[in-house]
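Each chain, written out:
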Amino acid sequence: MPRTKLWEDMMDDTSKSLAPAIVQEPRLMADGAPAHIKLQHADPTEAHSDQGLENLLLARRIITEADVALARQAQGGLNLSLGEVLLARGALSERALQSVQAEHYALGQAAILNDTLPDPDLGALLPAADAIALGAVPWRRMGTAIIIATARPDLMTALRAQMPAQARLIFTLAPRAQILKLQLALYGAALARVAETRAPADHSCRTWHGSRIARWMVLGGLFIMALAVTAPKMAVAFIFGCAFFVFACNMALKIAAFIQTRQADRRAQYTATPTDRTTQAKPFLPVVTLLVPLYKEPEVTPILLSNLTKLTYPAERLDVILAIEADDTSTRSALARCNLPPWVRVVQVPQGYPRTKPRALNFALNFAKGSIVGIYDAEDRPDRDQIARITQHFANVPHDVACLQGRLDYYNSSHNALSRCFTVEYATWFRVILPGFQRLGLFVPLGGTTVFLRRDALEHIGAWDAHNVTEDAELGLRLARHGYRTEIVETTTFEEAAAAIPAWIRQRARWQKGHLMTWLAAMQRPRQLWHDLGTWRFIGVHVQLLCAMLGFAMAPLLWSILVKPFGVWHPLDTFLTPVHYGVLGMIMMVGFGISLALGIYATRAAHLRNVRFWAIVMEFYHILGTLSVWRAVVEMLVSPFFWHKTQHGQFGAANTPVDPSIIKVGGWPLALGAR
């Protein structure tokens, strides 16, 4: 196609070499766009409407009338063009769509974007948030004009309104993956810096230093030593008194949570009308973004994609972002061997510090399209109807319910004794303790996956603390401090249990280190924490976070009581008689009975009954928690922000069957489970 005079006038000698990138004649957009972004396709009254695109698609026999009818029905309430809906639903390929769009909008198609980075000076003309929302990026100057690469030509009017009024623009089409790559090149470094400090400084642990913790620990140790030298009896009474007090607090909280959960279950069982609000909800289908941070996960990547394709939520309302680190070549290669659905995008997180899951989540959040944001882990296998249940639940609760936490379970519970105990512990936590916390009005320490948040609330509180290695619990506390509530939803995600003791201890130490971080950061301003939470939840935070850690750390002091039946001397002999020891023994047995009752009750579901017996040995399993908590304390001193990555795929996840449509021809060996 011959170049027009306008095209020649806009090119200078240095930019003419870029001309082969445009294979069709571009057109200039007219003025008159709205002053703010409106994420909607072109006005139907204009020449470049959905109707014209539809006619071209039908004329080329790329789609059928039935495809159009279904897409029109699915398009309701969405800021997506007909083409985008058809693409998401798999009715046509992106190449076919852009070929028709090029003709329909009279645009050229870029051919060399992959090899040419955008001009860094152009980033100032279009803010990152606007570029991402509009699916475009300023690419190159060509004489006095600016070339804008876009994957959403239906938003060109809105895009023109965001650029300087005097700018002369040339639009060119490019695939969505190329647009995303250019956006990361242009804005990635700045967005990564924001991701590291997105949480408010007064709520973040990023200002915390190991030296400060060390000073307090040294002072505490010196106090105990001085007390032991000057008043040994008082030292013994103080140390053991603290241990018994922590034990009593932990038991009281478990009992209270158990009672609340049991009462709620009984009400649900004997109530004539359904109590699950989602069963009575009208369909509510917002766009949901699922953030899945990946790091060195080549074994489970195809399994993850296979599990996500089984979700029953409408494809055009699903937005999955796989966030991978810039140097993670193994996961990137694994993704290259997979057929990614149109609703899955890969966002590369630039290198930076700290390298943590919350930093990756903060970065990926910039690219989210949904009003609800969910988080999954790499090895997750969610219920097929999980997203629909979540969105309907959100539709039927007040807006201050900003977060929904699903239950977690393990699909490799029968791998060995450790995985069985881990399954009992998770069942107790997610089916008894957390629902009890919710009903007691305490803050809910979130799990790291199957967490769903209203995006406006998430951004209001500053998203995740990139430096906290247990970002989920910290986020739950910060939601509560801002007046938001969390509810537990009866939907389950299955994941892989760490079934080897070294891996288990590393993982648990990271969680415990994060809980300790969360408590320390919150207690930098205790009066403000009290004001934010109120007295009841303020007390609860200390029991939920601090006493939970101290319970594991001081457990050996309680175990030492077990020597008394054998007539062995004990430091408490000065204070206690045999009767007193008998009372203490009974109290500890009551504590054991409570833990056993919790485990048995939590495993009443049919798929958990095979591990119910293992509730008897949970006290021995908790010895590992004592080992891990002391490791967590050491890490707080030497590497507070280091993230111990849990390696997935080692204990059964890699053997999960994979939907063969996910695998490109010749992409994966059968050993990965492809059927």
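Only a predicted model underlies this, so the values are computations on that prediction, with no experimental measurement involved.

A.B. asks: What should I look at first to understand the overall build of the protein in this one?
C.D. replies: Tallying secondary structure elements over the protein gives 23 helices and 12 strands in all. For the protein, the proportion of its 675 residues judged to be buried stands at 54%. Put simply, the protein shows about 29200 Å² of open surface, and 61% of that area lies on carbon and sulfur atoms.

A.B. asks: Explain the sheet that holds strand β2 (residues 136-142) here, please?
C.D. replies: Within a beta sheet, neighbouring strands are joined by backbone hydrogen bonds and run either parallel or antiparallel to one another. Taking strand neighbours across the sheet as the criterion, the four strands line up as β1-β4-β3-β2 in an open arrangement whose pairing is mixed. The two strands at the open ends of the sheet, each matched to only one other strand, are β1 (108-109) and β2. Bridging between strand β3 (residues 145-150) and strand β4 (residues 168-173) involves six bridges; their strand directions are parallel. The partner of T150 across the bridge, within β4, is L173. On the sheet, helix α8 (residues 176-196) packs against β2 and β3 and is oriented at approximately 75 degrees with respect to β2.

A.B. asks: What is the right way to look at the packing of helix α10 (residues 232-270) against helix α19 (residues 526-553) in this model?
C.D. replies: In a packed pair of helices, the relevant descriptors are the angle between the two axes and the axis-to-axis distance. Where α10 meets α19, the closest approach of the two axes is 9 Å, and the angle between their N-to-C directions is 125 degrees. The angle between α10 and α19 places the two elements in the oblique class. Here α10 runs over α19; the crossing is left-handed. When α10 is examined against α19, the residues V246, C249, N250 and L253 are found in contact with a partner set consisting of V543, Q544, C547, A548, L550 and G551. Looking at the contact of α10 with α19 residue by residue, the classes come out as seven nonpolar, three polar and no charged.

A.B. asks: Would you take a moment to explain the side chain of E316 for this structure?
C.D. replies: For E316, the position within the fold is in the loop between α11 (301-309) and β6 (318-325). Among the polar contacts made by the side chain of E316, one reaches the side chain of R89 at a distance of 3.2 Å. Excluding residues within four positions of it along the chain, E316 makes contact with A74, L78, L80, V85, A88 and R89.

A.B. asks: Teacher, can you tell me more about the pattern of salt bridges here?
C.D. replies: Side chains that differ in charge, positive against negative, can pair when their charged atoms come close. Counted under the stated rule, the structure contains 23 salt bridges. Between R345 and D319 there is a salt bridge, and its shortest N-O distance comes to 2.8 Å. Residue R345 is located in strand β7 (residues 344-349), and its partner D319 is located in strand β6; the two are separated by 26 residues in the primary sequence. A relative accessible area of 3% places D319 in the buried class. Salt bridges linked by common partners bring E84, R152 and D154 together as one network.

A.B. asks: In this structure, what is going on with the packing of aromatic side chains? I would like to understand it.
C.D. replies: The geometry of an aromatic ring pair is captured by the separation of the ring centres together with the interplanar angle, meaning the angle of the planes. Counted according to the given criterion, the structure contains 15 aromatic pairs. On the basis of an interplanar angle of 65 degrees and a centroid distance of 6.2 Å, the ring pair of F422 and W504 is categorised as edge-to-face. Pair noted here: F422 is in helix α15 (residues 417-440) and W504 is in helix α18 (residues 501-522), with a separation of 82 residues, a long-range link. For the pair shown, F422 and W504 are each scored as buried. Above the face of the Y411 ring, R381 is positioned so that its terminal group lies 4.2 Å from the ring centre. Directly above the aromatic system of W643 lies the positively charged group of R510, at a separation of 4.2 Å from the ring centroid.

Conventions we followed
- Residues numbered from 1 in each chain as written.
- Predicted model: local features only at pLDDT ≥ 70, side-chain atom pairs only at ≥ 80, totals over all residues.
- Heavy atoms only, no water.
- Helix = DSSP H or I, 4+ residues; strand = E, 2+ residues; numbered from the N terminus.
- Buried < 20%, exposed > 50% of the residue type's maximum accessible area, 1.4 Å probe, protein only.
- Areas by Shrake-Rupley, 256 points an atom, 1.4 Å probe, with all protein chains shown as cover.
- Pairing = 2+ DSSP bridges.
- Contact = heavy atoms within 4.5 Å.
- Axes fitted to C-alpha atoms, helices over the stretch in contact; angles between N-to-C directions.
- Parallel < 35°, antiparallel > 145°, perpendicular 65-115°, else oblique.
- Left-handed = near helix turned anticlockwise from the far one by under 90°.
- Nonpolar A, V, L, I, M, F, W, Y, C, P; charged D, E, K, R; others polar.
- Polar contact = N/O pair within 3.5 Å; in protein donor to acceptor, adjacent residues only side chain to side chain.
- Salt bridge = Lys/Arg side-chain N within 4 Å of Asp/Glu carboxyl O.
- Phe/Tyr/Trp six-rings, centres within 6.5 Å; stacked < 30°, edge-to-face > 60°.
- Lys NZ or Arg CZ within 6 Å of the ring centre and 35° of its normal.

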